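# Descriptive structure summary
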Amino acid sequence: MQQEKSSPDTARKKRIALSANSGKKAQKANHSTHPIVQLQNVKRIYTLGENKIYALNGVSFAIKKGDFVTIMGSSGSGKSTLLNMIGCLDLPSSGKVKVNNVDLSKLDDDGLTAIRRNNIGFIFQQFNLIPTLTALENVEIPMIFNGESPARRRKKALAMLKNADLPLEYANHKPNEMSGGQQQRVAIARALANNPPILLADEPTGNLDTKTGHNIMELLKELNAAGTTVIVVTHDPKLEEYAHTTIRIQDGEIIE
Amino acid sequence: MKLTKKLSAILSNNMYAELAKRNLKRQSVRTVLAAIGIIIGVIAISSMGILGNSLKLSVTESFADIGDKLIVSPALGEDYITDKQVDQIRKVSNIESIIPVSTSGEVIEYREGGTTYQSYVSVYDIEKEDLEKLVELEDGRFFKPGSTDCVVGYSVADNMELTLGQKIEIDDTKLRVVGILKERGMGFDISTDSGVFTSSEMYNKLYPDEDEGYDEVIVIVKDLDEIDAVSDEIEERINKKDELVTVFATNMITDSLDDVFRSISLFLMGIGSISLLVAGVSILNVMLMSTMERTKEIGIMKAVGASRKDILKMFLLEALFLGVLASTAGAILTIGGSYLVMELLVKNTSYLFTISSMLYVAEGFFFGIATSLVGGMYPAWKASRMKPLDALRYE
Ligand SMILES: Nc1ncnc2c1ncn2[C@@H]1O[C@H](COP(=O)(O)OP(=O)(O)O)[C@@H](O)[C@H]1O
Ligand SMILES: [Mg+2]
């Protein structure tokens, strides 16, 4: 684990203006009475030979727009499975998942792609940057799929990187030339590229040292303050302090 | 110019293109191997095509008068084409010109100092105006009507070392050589290269018994497409009751030559296609491997909003790049290689720079690209169908 060079506790206010309009598109369709994420009796069952594993066993909850939620649970409790459902990376075996009041089970592949592209930003524990591309190009990727023009997406990607507190000289570095914290900042910039209303983070600090982890969480907090709904999955109780709401999960069931 | 600028701008701005380039570079060894496969395939197809085409061109070129002519000759058992028959031919439509020809085989002599040269030739009686339609002068001029001048074919002049102004002898009659013809090669109408052409008056003096008719009539048609119709009409008019003449269309030979060489070219290109098939399999392999290797990347792209179409586009673009690059290299190598081979072996590169040869190069080029695309299709399709989570988890 690497210690981050940049000290991001300063000069934050400016960029808040930039992300303040995130999710405008989604807001139009969604009248504030509806929760932005809603799960109803969601089950996800893996079948391994004779065995059935209930990774999620009837999970129901709702998340308000603009909330900062941590989903807490020990390893193997089903947190990632849960987050993948919301992020349209996986579909439930039964039950209903609604994002922006849209029932995901009613969508085809293109519909799910559109949700992933415009409504969700996903941050992973392993950063998951594309190794052949520079920091800047990694941030451009979601905008390419969104049909943004080269000039606009370049400009926007730079702004996003700045917003995520990546020192500008790293914009043209490949992921393997950056520290873990820097990579996670690039990943956050990428997640925000298409201004999604929802940011999902699966153990975003899991591969970072305590201080860098703290910085990343601070960044997420600010993004939330600017209007983005943030959902963080973690097994680290220390992260609870950042959240407005905490959902606890154990053996695939909500316990509180 | 504007278009290429625009195109290169699109390519340089297009991240799909950028991604494709980088991914090809990333697996450079495998990319090069796949490219070699296509290059060999393209070379095989186009050079086999060129080989077949050059063979055809060299054979057809040795027939000088293939094309727009009909040769009307006496049917078996008939001695001459009569004036009356020529008049009947004149009534047929779509004819450019009618050239009645009288000819006799003859041994001519030429004395130079003490030596006597002898040569077997065909002496022709063709009107000067008509002759001009059939042959070209290498040197000198055509004979004047009524004169004792003559024009000799290229081989006659060459064999007997004749020059302008010299006199040849036919049956003790002396003829002055005023013109020498260009070499023309084999012909169905007249044997130009071994011919001696003189005025009607002279011919009739030499062969007084032969004024009943002509040995053949050359019919030049206005439009090559009408040649069969003209041929039919001539036969209809003259051969109504009895078989008096036979009509031979010189393009018949081209048709059958075309058939023969088309099969040869197809056969040769079939051999070339097999190597492209092998290239296709190797591209399939390269693309499949790189799909596997990049499974996680595909997962990431899907997670950040790539649709199936986007993934498909990226992989196909890669295959297209590979195909275009390798096919271009193959085409250049084919043209360069063929040029060298032709220059060194036959010292004649004219068959290479013909439209038909270049068409074979183009064919190889497009087959190369198509092979690459087909080889890349399945891996691209497979990649696009991956479930995002499964792809993300892949290590
Ligand atoms: N692809 C899979 N096949 C089988 N079992 C799985 C699969 N993914 C997850 N699981 C199981 O589901 C349960 C929950 O996993 P996960 O959601 O990854 O837990 P967490 O993220 O909380 O550590 C675990 O018991 C895990 O073994
Ligand atoms: Mg997990």
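Since the structure is predicted, the reported quantities are computational estimates derived from the model, not experimental observations.

What counts and what doesn't
- Residues numbered from 1 in each chain as written.
- Chains lettered and ligands numbered in written order.
- Predicted model: local features only at pLDDT ≥ 70, side-chain atom pairs only at ≥ 80, totals over all residues.
- Heavy atoms only, no water.
- Helix = DSSP H or I, 4+ residues; strand = E, 2+ residues; numbered from the N terminus.
- Buried < 20%, exposed > 50% of the residue type's maximum accessible area, 1.4 Å probe, protein only.
- Contact = heavy atoms within 4.5 Å.
- Areas by Shrake-Rupley, 256 points an atom, 1.4 Å probe, with all protein chains shown as cover.
- 1 Å grid on protein atoms, 1.4 Å probe; cavity = no way out; pocket = protein on both sides within 12 Å on 5 of 7 lines; lining within 4 Å.
- Points joined across faces, edges and corners; volume = space filled by probe spheres on them.
- UniProt positions renumbered as here; feature names shortened; annotations may be inferred.
- Buried area = accessible area lost by both parts, 1.4 Å probe.
- Salt bridge = Lys/Arg side-chain N within 4 Å of Asp/Glu carboxyl O.
- Polar contact = N/O pair within 3.5 Å; in protein donor to acceptor, adjacent residues only side chain to side chain.
- Near = heavy atom within 4 Å.
- Nonpolar A, V, L, I, M, F, W, Y, C, P; charged D, E, K, R; others polar.
- Pairing = 2+ DSSP bridges.
- Expected span 1.5 Å × (residues − 1).
- Lys, Arg positive; Asp, Glu negative; His and termini not counted.
- Core = buried A, V, L, I, M, F, W, Y, C linked by side-chain atoms within 4.5 Å.
- Patch = residues over 30% accessible without salt bridge, like charges linked within 9 Å, V, L, I, M, F, W, Y side chains within 5 Å.
- Charge placed at Lys NZ, Arg CZ, Asp CG, Glu CD.

## Concerning the overall build of chain B
Broken down by element type, chain B carries 13 helices and 10 strands. Counting the 395 residues in chain B, one finds 47% classified as buried. In chain B, the proportion of contacts linking residues at least 24 apart, taken out of those at least 6 apart, comes to 80%. Per element, the accessible surface of chain B, about 20000 Å² overall, is 59% carbon and sulfur.

## What about the overall build of chain A?
Helix and strand content of chain A: eight helices and 10 strands. Across the 256 residues that make up chain A, the buried fraction comes to 56%. About 11000 Å² of surface is accessible on chain A, with carbon and sulfur atoms providing 50% of the total.

## Looking at empty space enclosed by the protein
All names here are of chain B. Taken as a whole and assessed by the stated rule, the structure comprises three cavities of 30 Å³ or more. Roughly 80 Å³ of internal volume is contained in the largest cavity. Lining of the largest cavity is provided by L19, N23, R294, E297, I298, M301, I311, M314, F315 and E318. Of all elements in the fold, only α2 (15-26), α10 (295-303) and α11 (308-345) reach the threshold of two or more residues within the lining of the largest cavity.

## Some details on the UniProt feature "transmembrane region" (unreviewed entry) in chain B
All names here are of chain B. Following the UniProt record, one finds the feature "transmembrane region" (unreviewed entry) at residues 31-52, 266-290, 311-339 and 351-378. For residues 266-290, the helix share is 100%, the strand share is 0%, and the end-to-end C-alpha distance is 35 Å. Overall, residues 311-339 shows 100% helix and 0% strand. The separation of its end C-alpha atoms is 42 Å.

## Observations concerning the interface of chain A and chain B
With 28 residues of chain A at the contact, the number on the chain B side is 23 residues. In this assembly, chain A packs against chain B so that about 2300 Å² is buried in total across both faces, 64% of it on carbon and sulfur atoms. It is A:L89, A:T132 and A:F145 in chain A that bury the most area against chain B; as a group they hold 25% of the surface buried on that side. Among the ionic pairs, B:D310 bridges to A:R117, the shortest N-O distance being 3.1 Å. At the boundary of chain A with chain B, the tally comes to five residue pairs in polar contact (both at pLDDT 80 or more). Broken down by element, the side of chain A that touches chain B gets its largest block of residues, six residues, from helix α5 (residues 135-145) of chain A.

## Here we look at the pattern of salt bridges
Evaluation of the coordinates by the stated rule reveals 21 salt bridges over all chains. Of the charged contacts, one joins A:E140 and A:R153 as a salt bridge, the two residues approaching to 2.7 Å between their closest N and O atoms. One end of the pair, A:E140, is in helix α5; the other, A:R153, is in helix α6 (residues 150-163), and 13 residues separate them in sequence. Taking the shortest distance from any N to any O, the salt bridge between A:E148 and A:R152 comes out at 3.1 Å. Here the residues in one salt-bridge network are B:E109, B:R111, B:E169 and B:K174, joined through shared partners.

## Observations regarding the site of ligand 1
In the vicinity of ligand 1, the contacting residues are A:Y46, A:A55, A:S74, A:S75, A:G76, A:S77, A:G78, A:K79, A:S80, A:T81 and B:R393. Per-site note: the chains with residues close to ligand 1 are chains A and B. A:Y46 is positioned with one of its side-chain polar atoms (N or O) 3.4 Å from a nitrogen atom of ligand 1. In this structure, A:K79 approaches ligand 1 through a main-chain N or O atom, which is 2.9 Å from an oxygen atom. For ligand 1, the protein covers 69% of the area, taking 550 Å² as the surface of the free molecule. For the shell around ligand 1, the leading source of residues is helix α3 (residues 79-86) of chain A, giving three residues. Class assignment for the residues of the shell around ligand 1 results in two nonpolar, seven polar and two charged.

## What to know about the sheet that holds strand β4 (residues 94-99) of chain A
All names here are of chain A. One open sheet holds the four strands; their spatial order is β2-β1-β4-β5, and the pairing between them is antiparallel. Among the strands making up the open sheet, the edge pair consists of β2 (51-63) and β5 (102-103). Alignment of strand β1 (residues 37-48) against β4, held across five bridges, turns out to be antiparallel. Within β4, the position partnered with K43 by the bridge is S94.

## Considerations on α11(B)
With 38 residues, α11(B) should reach 56 Å at 1.5 Å per residue; the first-to-last C-alpha distance of 54 Å fits that figure. Looking one or two residues beyond α11(B), the residue adopting positive phi is B:K347, at roughly 55°.

## Overview of the side chain of A:D202
All names here are of chain A. For D202, the location among the structural elements is in strand β7 (residues 198-202). One buried charged side chain, D202, makes no salt bridge at all; its nearest oppositely charged neighbour is K79, positioned 6.8 Å away. Residues within four places of D202 in sequence aside, it is in contact with S80, L83, F122, I123, F124, Q125 and V233.

## Examining the nonpolar core
Within the largest apolar cluster, 79 residues are counted, with the highest numbers of intra-cluster contacts made by A:L39, A:I141, A:I231 and B:M301. The residues touching A:I141, leaving out its near neighbours within four places in the chain, are A:L133, B:M15, B:L19, B:M301 and B:V304.

## Observations regarding the pairing of strand β1 (residues 69-74) of chain B
A regular strand places its side chains so that they alternate between the two faces of the sheet. Residues and elements named next belong to chain B. Along β1, five of the six residues are buried, which leaves the element largely enclosed by surrounding structure. Two strands pair when backbone bridges link them, and β1 and strand β9 (residues 216-221) are joined in this way by four bridges, in the antiparallel orientation. Pairing of K69 across the sheet is with I220, part of β9. As defined by bridge partners, β1 adjoins strand β10 (residues 245-249) across five bridges and the pair is classed as antiparallel.

## Topic: a positive patch on the surface
A contiguous patch of positive charge on the surface is contributed by B:K84, B:K91, B:K240 and B:K241. Within the element layout of this structure, B:K240 appears in the loop between α8 (227-238) and β10.

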